[in-house]
Amino acid sequence: MTLNAGVTGYGSVTGSDSAPLLVPQPQALPQWLPLTKEELEVAAGGAGWRRARRYLVLLFWLTWLAMLTTAIAVVVKSPRPVEPPLKWWQKTLFYRLERDVRTEMQGLASGGAEALSEHLQYLRSLGIGALILEGQFEKKASYLSLNGTGERFGPQIDDLMICVKANFKVLLDVCDLDLMGPQNAEKTSNLSATEHYALRFWLEQGVAGFVICDTDAAYSEQTLLGWNDVFKEFSSADNESHINFTLVDTFMRSILPSSQHLLSETEVADAIETHLQTTEDDIWLSWTVGGKASHHLKKLLLVLVMTLPGSPVVWLDEDINQVQNRSLNIGSLHGDPNETSVIHTDEWKKHSASALFTTLSHTRAREEALLFGSFTFLPFNSSNSSLPFRPSPPILAYLRSWGCVHFLVVINIGSKPNALGPAWAGHLPKVGVFVANTGMARLGSTTLDTLELRPHEAILIKLFEAGSYS
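This section reports on the structure supplied with the text. (Residues numbered from 1 in each chain as written. Predicted model: local features only at pLDDT ≥ 70, side-chain atom pairs only at ≥ 80, totals over all residues. Heavy atoms only, no water.)

1. Some words on the overall build of the protein
Phase 1 of the analysis: Assigned secondary structure in the protein consists of 15 helices and 15 strands.
Phase 2 of the analysis: Sorting the 470 residues of the protein into buried and exposed places 41% on the buried side.
Phase 3 of the analysis: Long-range contacts, defined as pairs at least 24 residues apart, comprise 74% of the intrachain contacts of the protein with a sequence gap of at least 6. (Helix = DSSP H or I, 4+ residues; strand = E, 2+ residues; numbered from the N terminus. Buried < 20%, exposed > 50% of the residue type's maximum accessible area, 1.4 Å probe, protein only. Contact = heavy atoms within 4.5 Å.)

2. Some thoughts on helix H14 (residues 347-366)
Phase 1 of the analysis: With 20 residues, H14 should cover 28 Å at 1.5 Å per step; its first-to-last C-alpha distance of 29 Å lies within 8% of that length.
Phase 2 of the analysis: Burial in H14 covers these residues: Lys 350, Ser 352, Ala 353, Leu 356, Phe 357, Thr 358, Leu 360, Ser 361, Thr 363 and Arg 364. (Expected span 1.5 Å × (residues − 1).)

3. Side note on the side chain of Arg 400
Phase 1 of the analysis: The topology assignment puts Arg 400 in strand S9 (residues 395-402).
Phase 2 of the analysis: Residue Arg 400 is classed as buried on the basis of its relative accessible area, which comes to 0%.
Phase 3 of the analysis: Polar side-chain contacts of Arg 400 include one of 2.7 Å to the backbone oxygen of Thr 307.
Phase 4 of the analysis: Among the polar contacts made by the side chain of Arg 400, one reaches the main-chain carbonyl oxygen of Ser 374 at a distance of 3.4 Å. (Polar contact = N/O pair within 3.5 Å; in protein donor to acceptor, adjacent residues only side chain to side chain.)

4. Regarding the sheet that holds strand S13 (residues 445-447)
Two strands in a sheet stick together by hydrogen bonds in their backbones, pointing the same way (parallel) or opposite ways (antiparallel).
Phase 1 of the analysis: Within the open sheet, the six strands sit side by side as S8-S9-S10-S15-S12-S13. Their pairing is antiparallel. The outermost strands of the open sheet, each flanked by one partner alone, are strand S8 (374-378) and S13. The average angle at which neighbouring strand axes cross in this sheet is 30°, direction not considered.
Phase 2 of the analysis: Pairing analysis gives three bridges linking strand S12 (residues 431-437) to S13, with the strands arranged antiparallel. Counted as the bridge partner of Val 431 is Thr 447 from S13.
Phase 3 of the analysis: Sitting on the sheet, H14 touches strand S10 (405-412), S12 and strand S15 (457-464), and the angle it makes with S12 is about 125°. (Pairing = 2+ DSSP bridges. Axes fitted to C-alpha atoms, helices over the stretch in contact; angles between N-to-C directions.)

5. Concerning the sheet that holds strand S4 (residues 209-211)
Phase 1 of the analysis: Strand order in the open sheet formed by seven strands is S4-S3-S2-S1-S7-S6-S5, and the pairing between neighbours is parallel. At either margin of the open sheet sits one strand with a lone partner, and together these are S4 and strand S5 (251-256). Averaged over all neighbouring strand pairs, the angle between strand axes comes to 30°, with direction disregarded.
Phase 2 of the analysis: As defined by bridge partners, S5 adjoins strand S6 (residues 285-290) across five bridges and the pair is classed as parallel. In the strand pairing of S6, Arg 253 is matched with Trp 287.
Phase 3 of the analysis: Most of the contacts of helix H10 (residues 265-277) go to S5, to which it runs at about 145°, and overall it touches S5 and S6.

6. A word on unusual backbone geometry
Excluding glycine, residues mostly carry a negative phi; peptide bonds, for their part, are mostly trans.
Phase 1 of the analysis: Despite not being glycine, Asn 167 shows a phi value in the positive range, around 65°.
Phase 2 of the analysis: By the element assignment, Asn 167 lies in the loop between helix H6 (154-165) and strand S3 (169-173).
Phase 3 of the analysis: A residue is classified by how much of its surface remains accessible, and Asn 167, at 60% relative accessible area, is exposed.
Phase 4 of the analysis: Even without being glycine, Met 440 reaches a positive phi, approximately 50°.
Phase 5 of the analysis: Within the secondary structure, Met 440 is located in the loop between S12 and S13.

7. Some points on the packing of helix H11 (residues 298-307) against H14
Phase 1 of the analysis: Here H11 crosses H14 at 10°, and the two axes come no closer than 10 Å. Our classification of the angle between H11 and H14 gives roughly parallel. On H14, the residues touching Lys 299, Leu 302, Val 303 and Met 306 of H11 are Lys 349, Ser 352, Ala 353, Leu 356, Phe 357, Leu 360, Ser 361 and Arg 364.
Phase 2 of the analysis: In terms of residue class, the contact of H11 with H14 is built from seven nonpolar, two polar and three charged. (Parallel < 35°, antiparallel > 145°, perpendicular 65-115°, else oblique. Nonpolar A, V, L, I, M, F, W, Y, C, P; charged D, E, K, R; others polar.)

8. Let's talk about a positive patch on the surface
Phase 1 of the analysis: There is a patch of like positive charges on the surface, built from Arg 50, Arg 51, Arg 53 and Arg 54.
Phase 2 of the analysis: Tracing the backbone shows Arg 53 in helix H2 (residues 47-77). (Patch = residues over 30% accessible without salt bridge, like charges linked within 9 Å, V, L, I, M, F, W, Y side chains within 5 Å. Areas by Shrake-Rupley, 256 points an atom, 1.4 Å probe, with all protein chains shown as cover. Salt bridge = Lys/Arg side-chain N within 4 Å of Asp/Glu carboxyl O. Lys, Arg positive; Asp, Glu negative; His and termini not counted. Charge placed at Lys NZ, Arg CZ, Asp CG, Glu CD.)

9. Quick look at the nonpolar core
Phase 1 of the analysis: The biggest cluster of nonpolar side chains holds 70 residues, and the ones touching the most others in it are Leu 131, Phe 210 and Ile 272.
Phase 2 of the analysis: Top contributing element to this core by residue count: H11, with seven residues.
Phase 3 of the analysis: Beyond its immediate sequence surroundings of up to four residues, Ile 272 is in contact with Ile 255, Leu 300, Leu 301, Leu 304, Leu 396 and Ile 413.
Phase 4 of the analysis: Membership of the second largest hydrophobic core comes to 17 residues, among which are Ile 395, Leu 399, Phe 434 and Ile 459. (Core = buried A, V, L, I, M, F, W, Y, C linked by side-chain atoms within 4.5 Å.)

10. Looking at the pairing of strand S2 (residues 130-133)
Phase 1 of the analysis: Covered by surrounding structure in S2 are Ala 130 and Ile 132 together with Leu 131 and Leu 133, the residues of both alternating faces.
Phase 2 of the analysis: The sheet contact formed by strand S1 (residues 94-97) and S2 spans four bridges and is parallel. When the bridges of S2 are listed, Leu 97 appears paired with Leu 133.
Phase 3 of the analysis: In this structure, S2 lies alongside S3, joined through four bridges in parallel fashion. If you follow Leu 133 over to S3, its bridge partner there is Leu 172.

11. A closer look at the packing of H10 against H11
Phase 1 of the analysis: In the contact formed by H10 and H11, the axes pass within 13 Å of each other and the chain directions differ by 5°. Classified by the angle between their axes, H10 and H11 sit roughly parallel to one another. Facing H10, whose interface residues are Val 268, Ile 272 and Leu 276, H11 presents Leu 300, Leu 301 and Leu 304.
Phase 2 of the analysis: When grouped by side-chain class, the residues that make up the contact of H10 with H11 number six nonpolar, no polar and no charged.

12. Some details on the pattern of salt bridges
Phase 1 of the analysis: Applying the stated rule across the entire model yields five salt bridges.
Phase 2 of the analysis: Measuring nitrogen to oxygen at the nearest pair gives 3.7 Å for the salt bridge that ties Lys 430 to Asp 449. Of this pair, Lys 430 sits in the loop between strand S11 (418-419) and S12 while Asp 449 sits in the loop between S13 and strand S14 (452-453), placing them 19 residues apart in sequence.
Phase 3 of the analysis: Overall, Asp 449 belongs to the partly exposed group, its relative accessible area being 35%.
Phase 4 of the analysis: Salt-bridge contacts for Arg 454 lead to Glu 457; the nearest nitrogen and oxygen are separated by 4.0 Å.
Phase 5 of the analysis: Under the relative-accessibility criterion, Arg 454 is labelled partly exposed at 41%.
Phase 6 of the analysis: The class for Glu 457 is buried, based on a relative accessible area of 2%.

See below:
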């Protein structure tokens, strides 16, 4: 048998006896399938998963307890200011009630007592809590002239009782009251007993204190020590003492010097700056305006008195004085067209003045920073101002702080507007909210970088630290 010469491959099979070449089939890739409910229950119930879940829960609670412990430690160990205990005369707003005001009220109404009670309710609504009764005694009067029943002081006692019933603390102004009276040996020997009797008499009527003049030689240290003994007798009889123990509890100081003429803007600025730069931490001050200033500066001075450290002794000008307003109303009821036009023209002015007084008194009553917070004078000069020169009169500013709460008071005494500038007081928070201003025309938030003061304007701003909303 011959071989097939056309076959080139060795061992190739041809013809019908040949078999096809076998190619292996590709293997199918495994497909992921979710666990069924039964398989999931079997896997989750395993010992490994149970141990992992136990550790995760334990780690969560340990982390939570560690954070809570850290927060408590930070709160406990962080320094915080301690609120000092204040006497009533350190928290109260004082008002001088002159005898002429009572006389004027008696002329406006048929019943003087009713008119006085109505006026006291108005003062209470403004936030006033203590009254200094002036003109209760004649100049150079003597305690020795007080008889055993006090009949000589009938009208004064009536006014006093009305004030006490209206829940006011009442102080008697005894400046220039001659304690010695006519000098003779008999009266000098009985002086101490007579003084003590007079003090007991007025304290029994509800008097809470006395205003004396530091220039009066009659009020010597020995005399005040004798007064202190009488005060202690009355304080021991009550559970809550309303009588002061120290010789002199507060010193009343005038911001402006006494003058026969109106002080200029520069003189007012110099007087204010002198007081702001002088700090006395060992005594408690009561601030009053004192000297004469222009009508444009009255609201500015009111903001100053109400925000300085100490107890403010305030006044009511014609814009918020109820007696003055009642006189205008009576004129309008009689058909006086001139008086009626004045009322309508000045209505917005009276409203803003009353709103300013009420806002300042209520803010001071509830803010610790204004009651007993620290005081920091902020000088305004060319080194920390964007202006190339120091304004004349200068812009005055100071800070009242308690903890993280800051109140900024900025005063522009001049007749031209002034801006603080971006470089002024860079350490202060830049954002704040308006609390009060002389025109009561500023509302909402503000930034110190863009603040511009109007002429004769004082602004009270509550500053906020970054991320703080207190």
